[in-house]
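Remarks on the overall topology
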Amino acid sequence: MTVPAAHGGAPRGWLELSASPNPCGTPQAVRDAVAGAGYGAYADLDPREAERHLAADAGVEEGCVLLTAGATEALRLIVAGAAGGALVLGPTYGEYARLVALRGGATAEIRAEAPAFVPPVERFAAALSSRSWALAFVCDPNNPTGRRLAPEEMRAILAALPPRTRLVIDQSFAPFAGESVPAADLIAGGDAMLVRSLTKILAAPGLRVGYVVARRDRIASLRAHRDPWSPGAHACAAAAVSSWDLGADARLTIAAWRERLVRALAAHGLEAVPSEAPFVLAHAGSRAEGIVRALAHRRIAVRWCASFGLPEHLRVAVRPPGEQEVLVAALAGLRAEARS
Ligand SMILES: Cc1ncc(COP(=O)(O)O)c(C=O)c1O
């Protein structure tokens, strides 16, 4: 059996720990909105109500939100509007470099180091201010490390931005983490663009829904490049009732499940990096690929991180205790097999 594809998720029927949607599931209000969505007319594809709602939810003015078909379309639109090279705070989500390369640009990376993967903010800010980049990317909390930037670190990065460099802050996992700099403050200067996937918080990859928060003039130019009817009717309906606030109860529940997972992995010799995301990055050394393959034989998908340049690490989704028990039993089985 092969390792599950890097994108695309586990086959149906597997325990899916290689993607990290909200482990509390899809909010009922979103389920109801999707079930009741009209899709018989082009009018059902009008994103304006959702955009007004999301702007109010984000605490920014009307006109500062663009609805997109997932964070994926948001990233593509942003990169399409910026010719030139990019700087990324790595190791991180590979789409930034891929999209920049498709436009003929090169990406330089300032990389956090194992074992703790503390974001090298000073080095990143220095590289940022050393020349003019078309784009700079930070993912906060970061995929795959789960590390979060402190508000003062985010402000230091903003302060180091050269003129005409756009800072893309991918906040796709931010609802799962603690407090951050308010969206209105981040976008005030005009150079920061916030990319928000609703896929994660709504636990709904199939909806293809996300959005950009940016200053009104930036949103207007992205809007001019978005294809007509890009987010589908169900995406528009879901977005119109969604909130970026996960709620304190869910955040605490997920944090407790994450702690539980970290302890369970440690008991099997897999040391996790401190995470504020709904996943943890765990060090498995030379066993990493073998563990992923052996778990795949048991229909359990975890993410081998070789494509992030981390072949000794696994990324494991935070799931409710019952699902964690299945993983723990499988890891115990692998150990028993290794000893026999
Ligand atoms: C950091 C990050 N940004 C964006 C995306 C894409 O999200 P969407 O499904 O909303 O296109 C992903 C998907 O895994 C991701 O990990």
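Heads up: the structure comes first, above all this text.
In this report, we go over the structure that sits alongside the text. Since the structure is predicted, the reported quantities are computational estimates derived from the model, not experimental observations.

This part takes up the environment of Arg52. Here Arg52 is to be found in helix 2 (residues 48–58). Sequence separation between Arg52 and Gly309 is 257 residues; the distance between their C-alpha atoms is 40 Å.

This next bit is on the site of the ligand. The local shell around the ligand consists of Gly70, Ala71, Thr72, Tyr93, Cys139, Asn143, Asp170, Ser172, Ser197, Thr199, Pro205 and Gly210. For the shell around the ligand, the class distribution of residues is 4 nonpolar, 7 polar and 1 charged.

The next subject is the pairing of strand 4 (residues 107–111). Bridge count between strand 3 (residues 86–90) and strand 4: 5 bridges; the pairing is parallel. Following the sheet pairing, Gly90 is matched in strand 4 by Arg111. Handedness of the crossover is the feature at issue here: the chain leaves strand 3, passes through helix 4 (residues 95–102), returns alongside strand 4, and the resulting connection is right-handed.

Here the focus is the sheet that holds strand 12 (residues 313–317). As summarised here, the arrangement of the 5 strands in space is 1-11-12-10-9, forming an open sheet in which the pairing is mixed. Bordering the open sheet on either side are strand 1 (15–17) and strand 9 (271–272), each of which pairs with just one other strand. Relative to strand 10 (residues 279–283), strand 9 runs antiparallel, the two being bridged by 2 bridges. The residue bridging Ala272 from the neighbouring strand is Ala282, located in strand 10. Of the strands in this sheet, strand 11 (300–304) and strand 12 are in contact with helix 12 (residues 288–297), which crosses strand 11 at around 160°. Taken strand by strand, helix 13 (residues 321–339) contacts strand 1 and strand 11, and its axis lies near 90° from that of strand 1.

What follows concerns the sheet that holds strand 8 (residues 210–213). The 7 strands are arranged 2-8-7-6-5-3-4 in an open sheet whose pairing can be described as mixed. Two strands in the sheet have a free side with no partner beyond their single neighbour: strand 2 (65–68) and strand 4. When the angles between neighbouring strand axes are averaged without regard to direction, this sheet yields 20°. Taken together, the 4 bridges between strand 6 (residues 166–170) and strand 7 (residues 192–197) define a ladder with parallel strand orientation. Counted as the bridge partner of Val168 is Met193 from strand 7. Each of strand 3, strand 4 and strand 5 (135–139) touches helix 4; the most contacted strand, strand 3, lies at about 165° to it.

Reading the values: rules and limits
Residues numbered from 1 in each chain as written. Predicted model: local features only at pLDDT ≥ 70, side-chain atom pairs only at ≥ 80, totals over all residues. Helix = DSSP H or I, 4+ residues; strand = E, 2+ residues; numbered from the N terminus. Near = placed C-beta within 6 Å. Nonpolar A, V, L, I, M, F, W, Y, C, P; charged D, E, K, R; others polar. Pairing = 2+ DSSP bridges. Right-handed = clockwise from strand over helix to strand, strands pointing away. Contact = placed C-beta atoms within 7 Å. Axes fitted to C-alpha atoms, helices over the stretch in contact; angles between N-to-C directions.

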